[in-house]
Each structure stands twice: as structure tokens, then as C-alpha cells.
Amino acid sequence: MASYAGTLKAEILSIGDELLLGEIVDTNKPYIARLLVQQGISPAYFQTVGDDTGDIVAAFKLALSRAQIVIATGGLGPTDDDLTAVCVAEALGVPLEHREEVMDQMAARLKRPKEQFSASNRKQALVPRGAEVLRNDWGTAPGMRCETSDGRQIFLTAGVPREMKGLLGTWILPWLARRYPA
């Protein structure tokens, strides 16, 4: 059995009705946990929450009350049940803001002019104020990093495993290694 000695506590938050209903197995959670342990960060808590605004906001508030690092997967896409960015903004008490860089990244990824995007695609360019956008080269939903006033970190990734792994390996783990060197 693996053990960890890290003093930094992390919470992994999996978002989506499909997880709660057993329609898909959450392979993201153990993958993220293993990599956090390798970096000396304790994956101390896990939560799975459905696509309900109140539940997602409450899950983020609980996670921030007990962990320095929160990594959430899911809920960043273009559909009506993709609510993660809205809920993080609410949990942090900040508004959403339009980020043109996300539109540019989607246009490049989809090889389509921004002007042809639907309202649902445009929704993906709304991010919590102050968030750092993490370019997603594996899909259209951008990853994000938000920092609270007391220095806690929230990382948001797509729920699709290939996209989550790309965002984690390219942006999140290197950022954590720089911020919290072992």
C-alpha cells in the first residue's frame, strides 16, 4: 500500500451526473491522486457531485475549507449541464468574464471562425474573474487555475480523461512543482 507524507492537502472533485448514476467509471480520480502523491501532495479528500448548481457550489466551498489544492474534473463543456465555471465564480464571490483568448484557442482547435460559434460554444469563454486560462490542446474546454485570497488553488479540467491528462501533465503538475517544490 502506498503512503504519503505530504503536508499539503488536496481535494479531488469529480463533477457530473453520469458519475453519480454509474453511467461511467471515474478513472480520473485515482490517476490524479497517484500523481499528487508523487509530488508530495496528500490527496486527502474526494467528492463526486452531480450537475446541480447548489451542490457544486457547496462542494467547492467544502473543499476550500479543508484543502489547499482543489482539482476538479468535468462540467466545462458547452452543454447546459456544464456548470463548473459558473459555480466556481459563485463559490469565490467573483463574476464571470469573457476571455477572447479562449475563443481564439477554440477557433484554432475547431478550424472555424469565432463568428460561427454557437452560444453554447461562446459560453466556454466565460471564466471566473482573475482565473488563469490553461490552454487545452486536446479539446475545446479550457482548463483554469483560480487562486483564493488566502492562496488556496483551484484547478479545473475537462472530465474527458484524455483532456484531463493533457491539462494535468502540461500545466497543473508543473505549476504545482514550481509553487510547492519537494
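Heads up: these notes are all about the structure in this document. What you are looking at is a predicted structure, and each value in this text was computed from that prediction instead of being measured. In this convention, every chain numbers its residues from 1, walking through the sequence in written order. Local features in this predicted model are restricted to residues of pLDDT 70 or higher, and side-chain atom pairs are both shown and tallied only at a pLDDT of 80 or more, whereas totals for entire chains, interfaces and linings draw on every residue. Based on all heavy atoms of the structure, the side-chain values leave hydrogens and waters out of the count.

1. With respect to the nonpolar core
We apply this condition: The term nonpolar core refers to a set of buried residues drawn from Ala, Val, Leu, Ile, Met, Phe, Trp, Tyr and Cys, joined through side-chain atoms within 4.5 Å. Here's how the labels work: a residue is buried when its accessible area is under 20% of the maximum for its type, exposed when over 50%, partly exposed in between, all with a 1.4 Å probe on protein chains only. In DSSP terms, a helix is any run of H or I states spanning at least four residues, a strand is any run of E spanning at least two, and both are numbered starting from the N terminus. The contact rule is simple, with two residues in contact once any of their heavy atoms fall within 4.5 Å.
Ranked by size, the top nonpolar core spans 31 residues in total, and within it Leu13, Ile15, Ile56, Phe60, Ile154 and Leu156 carry the most contacts. Going through the elements one at a time, strand 1 (8–15), helix 3 (53–66), strand 3 (69–73), helix 4 (84–92), helix 5 (100–110), strand 7 (143–147) and strand 8 (153–157) are the ones with two or more residues in this core. Residue contributions to this core peak at 6 residues, all from helix 3. Excluding anything up to four places from it in sequence, Ile15 contacts Val49, Gly50, Asp51, Ile56, Phe60, Ala72, Thr73, Gly74, Gly75 and Thr84. Core analysis: the next-biggest nonpolar cluster, separate from the first, contains 20 residues, Leu8, Leu35, Met164 and Ile172 among them.

2. Let's talk about the environment of Arg135
What counts is decided by this rule: Any N or O atom pair separated by 3.5 Å or less is treated as a polar contact, with the protein-specific requirement of one donor-capable and one acceptor-capable atom, and with residues adjacent in sequence counted only for side-chain atom pairs.
Residue placement: Arg135 occurs in the loop between strand 6 (132–134) and strand 7. A relative accessible area of 35% means that Arg135 is categorised as partly exposed. A sequence separation of 99 residues divides Arg135 from Leu36, and the C-alpha atoms of the two residues are 21 Å apart. For Arg135, the contacting residues outside a window of four places in its chain are Gln105, Leu167 and Trp171. A distance of 2.8 Å separates polar atoms of two side chains, one belonging to Arg135 and the other to Asp137.

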